[in-house]
Amino acid sequence: MRDDLLPVLACPVCTEPLARTAPGQAGCRNGHRYDEAKQGHLTLLPVKRRALTADTPEMVDARLRFLGRGHYAPVERALTSVVADATAPGVVLDVGSGPGTYLAHALDGTTRGDAAGRRGIALDLSAVAIRRAARIHAHVGAVVGDVTERLPVVDHAAAVVLDVFAPRNQHEYARVLHPGGVLVVVTPRAGHLAELAAATISVDPEKERRLHDSLTPAFTLRSTEDLTWTMELTAEDVHDVVHMGPSHHHVAADTVFAPETVTAAVTVSTWTPAR
């Protein structure tokens, strides 16, 4: 973990900022200490939390392979554009980051103004994913954390919060986001991966309404952009897109897939803290 990112992080016990206390260790002024994993990440889970299912090694590997082939490049470009245009001070916080692929692209593709020096925090419940995120980019720090609980981040530390196909926690997003910052949410639309409907989880037709309800009144919608594109997927690609998300738990690992032309349809929405 980069030393300059530690003050952005908050102790999950007392919420005080963290600092380097010894090689391979971080802690707060109240004496709570956290050992850094050999991969460089920290685990900052609440003492008491609900039992939740995190991504498995197979899911993380599938995601890295699929995204690594550039199939979701339109999403990556949209996120990069928002981060490049951000003017508030602070880090880019990717909540539900997985292995940090989107965050790395957003930081790599940012070249204008103050954003050229942005640092990022990848936060995910999956220790497997965070081990990968810890090494995905020189400007990224990685944390095992729970999006459904208080985030281990100090108040107003983020210039941008990214939520890409992840659960949402509006009150925590509002707390950690700078008053001049922006929240970016990527959600699937009806028709997303429709050709793979038999093997993937269908999109809730009430998705748009539920998105609005999950972020108000703490946030105000600033913009929306619908992205639709066609992907020519090999059998390996189809396997990976099925197994990189929740469908992994419902489809046998040895299922054989055929090449397929598949539609991607998502909405990228940006939100600002309500005044």
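Anything mentioned here points back to the structure above.
I will try to describe carefully the structure that is included in this document. These numbers were taken from a predicted model, which means no experiment stands behind them.

### Section: the sheet that holds strand E11 (residues 260–273)
Strand order in this open sheet of 8 strands is E4-E7-E6-E5-E8-E9-E11-E10, and the pairing throughout is mixed. Only two strands of the sheet have a single partner each, and these edge strands are strand E4 (42–43) and strand E10 (219–233). Taken together, the 5 bridges between strand E5 (residues 91–95) and strand E8 (residues 158–164) define a ladder with parallel strand orientation. Looking at E8, one finds that Asp94 is bridged to Leu162.

### Concerning the sheet that holds strand E1 (residues 19–22)
With antiparallel pairing, the 3 strands of this open sheet are ordered in space as E1-E2-E3. Pairing within the sheet leaves two strands with one partner each, and these edge strands are E1 and strand E3 (33–35). Each strand axis lies, on average, 40° off the axis of its neighbour in the sheet, ignoring direction.

### Describing the pattern of salt bridges
Scanning all chains against the criterion turns up 12 salt bridges. Each of the salt bridges in this network shares a partner with another, and the network as a whole consists of Arg65, Arg69, Asp237 and Asp240.

### Concerning the packing of helix H1 (residues 57–68) against helix H7 (residues 235–243)
With their axes 8 Å apart at the nearest point, H1 and H7 run at an angle of 130° to one another. In terms of orientation, H1 lies oblique with respect to H7. H7 is crossed by H1, and the crossing has left-handed handedness. Seen from H1, the contacting residues are Met59, Ala62, Arg65 and Phe66; seen from H7, they are Asp237, His239, Asp240, Val241 and His243. Tallied by class, residues from the contact of H1 with H7 come to 4 nonpolar, 2 polar and 3 charged.

### Let's talk about the pairing of E11
Extensive coverage of E11 is indicated by the burial of 10 of its 14 residues. Relative to E11, strand E9 (residues 177–188) runs antiparallel, the two sharing 6 bridges. Across the sheet, Val185 pairs through a bridge with Ser269, a residue of E11. Here E10 pairs with E11 via 14 bridges, running antiparallel. Bridge pairing in E11 links Ser223 to Thr270.

### Focus on the nonpolar core
Most often, soluble globular proteins keep nonpolar side chains buried together rather than apart. Formed by 45 residues in total, the largest nonpolar core has its most connected members in Tyr72, Val160, Met231 and Val241. Contacts of Tyr72, omitting those with residues within four sequence positions, involve Phe66, Leu67, Tyr102, Phe165, His192, Leu193, Trp229, Met231, Val241 and Met244. Ranked by size, the runner-up nonpolar core spans 36 residues in total, among them Leu93, Leu211, Leu215 and Phe219.

### Some points on the pairing of strand E6 (residues 120–124)
For E6, the buried fraction is high: 5 of the 5 residues fall into the buried class. Taking every second residue as pointing to the same face, both faces of E6 are buried, with Gly120, Ala122 and Asp124 on one and Ile121 and Leu123 on the other. With 4 bridges joining them, E5 and E6 adopt parallel strand pairing. Looking across to E6, one finds that Val92 is bridged to Gly120. Strand direction decides the pairing type here: E6 and strand E7 (residues 140–144), joined by 5 bridges, are parallel. Considered in E7, the bridge of Asp124 is made with Val144. Crossover handedness for the path E6 to helix H4 (residues 127–133) to E7: right-handed.

Rules of the game
- Residues numbered from 1 in each chain as written.
- Predicted model: local features only at pLDDT ≥ 70, side-chain atom pairs only at ≥ 80, totals over all residues.
- Heavy atoms only, no water.
- Pairing = 2+ DSSP bridges.
- Helix = DSSP H or I, 4+ residues; strand = E, 2+ residues; numbered from the N terminus.
- Axes fitted to C-alpha atoms, helices over the stretch in contact; angles between N-to-C directions.
- Salt bridge = Lys/Arg side-chain N within 4 Å of Asp/Glu carboxyl O.
- Parallel < 35°, antiparallel > 145°, perpendicular 65-115°, else oblique.
- Left-handed = near helix turned anticlockwise from the far one by under 90°.
- Contact = heavy atoms within 4.5 Å.
- Nonpolar A, V, L, I, M, F, W, Y, C, P; charged D, E, K, R; others polar.
- Buried < 20%, exposed > 50% of the residue type's maximum accessible area, 1.4 Å probe, protein only.
- Core = buried A, V, L, I, M, F, W, Y, C linked by side-chain atoms within 4.5 Å.
- Right-handed = clockwise from strand over helix to strand, strands pointing away.

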